[in-house]
Amino acid sequence: MLNTVTSKDGTPIAYEQSGEGPAIILVVGAFNDRAVAAPLARFLDSSFTVFYYDRRGRGDSGDTLPYAIEREIEDLEALIAEAGGSAYVFGYSSGAILALRAAERLTIPKLALYEPPPTGARAGEIAPQLADLIAADRRGDAVELFQREAVGIPPEIVVQLRNAPFRPALEKIAHTLVYESTILQALPEGLAASVQAPALVVDGSNSPGVMHSAAQALATALPNGHYRTLDGQGHDIVPEVLGPVVEKFLLDY
């Protein structure tokens, strides 16, 4: 069932809830809405009360300008309050970096982060270009810029994806790519070192080397960080593989 919670600035944030047990909130990444988290939620809800939501600007959630990372942290804070005041947080891709940024400010008992991309790289430098494209209503061009420069999809594949059946959905939330690029800017010095919560950082063995380097560096920088690679996995979430690893860390560690 679809529910909403109101963030500090009045923005409605849409979420779904399932299961029973300790609360966990799933934070998705670029081009994603809560539907991407739903399969993992179904796996985890045998052990947890799972909250999975549309980040602001996408799906059934509202959006209030101007954008700031602090507003997204407040969205997560409102969901934690809705969950009873305490919740584990799982972050996927750029959503993992958002979860990390939130953990500096909020009390989060444990973090699980899957495939966190590098920060301070090209993906974090293109927010002004993306904003200009959105202002000019060139949403398709914004999608392709992010695909090339942030995701690293080869240009010839980006061209082929123009006719993909999911392309209209990407263009619909293209304005949120400005948000993703902002999140992926260089982390403030000492941010990771300030997060004391136990944190599991996971990547897939089939992902590019830059992703492994980013995950390993983050796990090392976290005072209570743990690193794990999943054999045969890439950037996509496979609940049957990732779910047991997340569940064991959160319940047993």
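Quick caveat: nothing in here was measured; it's all calculated off a predicted structure. (Residues numbered from 1 in each chain as written. Predicted model: local features only at pLDDT ≥ 70, side-chain atom pairs only at ≥ 80, totals over all residues. Heavy atoms only, no water.)

Trainee: Please explain helix 5 (residues 139–151) as it appears in this structure.
Mentor: Within an α-helix, residues lying three or four positions from one another point in the same direction, as the helix has 3.6 residues per turn. With 13 residues, helix 5 should cover 18 Å at 1.5 Å per step; its first-to-last C-alpha distance of 17 Å lies within 8% of that length. Restricting attention to buried positions, one finds in helix 5 the residues Gly140, Ala142, Val143, Glu144, Leu145, Phe146 and Gln147. In this structure, the buried residues of helix 5 make contact with helix 4 (127–135), helix 6 (155–160), helix 7 (167–172) and helix 8 (176–183). Backbone geometry just after helix 5 places Gly152 at a positive phi near 85°. (Helix = DSSP H or I, 4+ residues; strand = E, 2+ residues; numbered from the N terminus. Expected span 1.5 Å × (residues − 1). Buried < 20%, exposed > 50% of the residue type's maximum accessible area, 1.4 Å probe, protein only. Contact = heavy atoms within 4.5 Å.)

Trainee: Would you mind going over the nonpolar core with me for this structure?
Mentor: Burial of nonpolar side chains together is a common tendency in soluble globular proteins. If you look at the biggest cluster of nonpolar residues, it comprises 56 residues, and the most contacted ones within it are Ile25, Tyr53, Leu76, Leu111, Leu130, Leu177 and Leu222. In terms of residue count, helix 3 (residues 94–105) provides more of this core than any other element does, 7 residues in total. Not counting chain neighbours up to four residues away, the residues in contact with Leu177 comprise Ala30, Phe31, Leu130, Ala142, Val143 and Phe146. Core analysis: the next-biggest nonpolar cluster, separate from the first, contains 25 residues, Ile24, Val28, Val50 and Phe90 among them. (Core = buried A, V, L, I, M, F, W, Y, C linked by side-chain atoms within 4.5 Å.)

Trainee: Explain the pairing of strand 8 (residues 225–230) to me, please; I cannot follow it from the model alone.
Mentor: Every regular strand shows the same layout, with side chains that alternate between the two sheet faces. Of the pairings in the sheet, the one linking strand 7 (residues 199–204) to strand 8 comprises 6 bridges and is parallel in character. Paired with Ala199 across the bridge in strand 8 is Gly225. Crossover connection from strand 7 via helix 10 (residues 209–221) to parallel strand 8: handedness right-handed. (Pairing = 2+ DSSP bridges. Right-handed = clockwise from strand over helix to strand, strands pointing away.)

Trainee: Help me out: how do you make sense of the packing of helix 1 (residues 34–44) against helix 11 (residues 239–252) in this one?
Mentor: Each pair of packed helices can be described by the angle between their axes along with the distance between the axes. Where helix 1 contacts helix 11, the two axes come as close as 9 Å, and the packing angle between them is 55°. Looking at the two axes, helix 1 sits oblique to helix 11. The two elements helix 1 and helix 11 meet at a crossing, and its hand is right-handed. Each of Pro39, Leu40, Phe43 and Leu44 in helix 1 lies in contact with helix 11, whose residues at this interface are Pro239, Glu240, Gly243, Pro244 and Glu247. Its residues assigned to classes, the contact of helix 1 with helix 11 comprises 6 nonpolar, 1 polar and 2 charged. (Axes fitted to C-alpha atoms, helices over the stretch in contact; angles between N-to-C directions. Parallel < 35°, antiparallel > 145°, perpendicular 65-115°, else oblique. Left-handed = near helix turned anticlockwise from the far one by under 90°. Nonpolar A, V, L, I, M, F, W, Y, C, P; charged D, E, K, R; others polar.)

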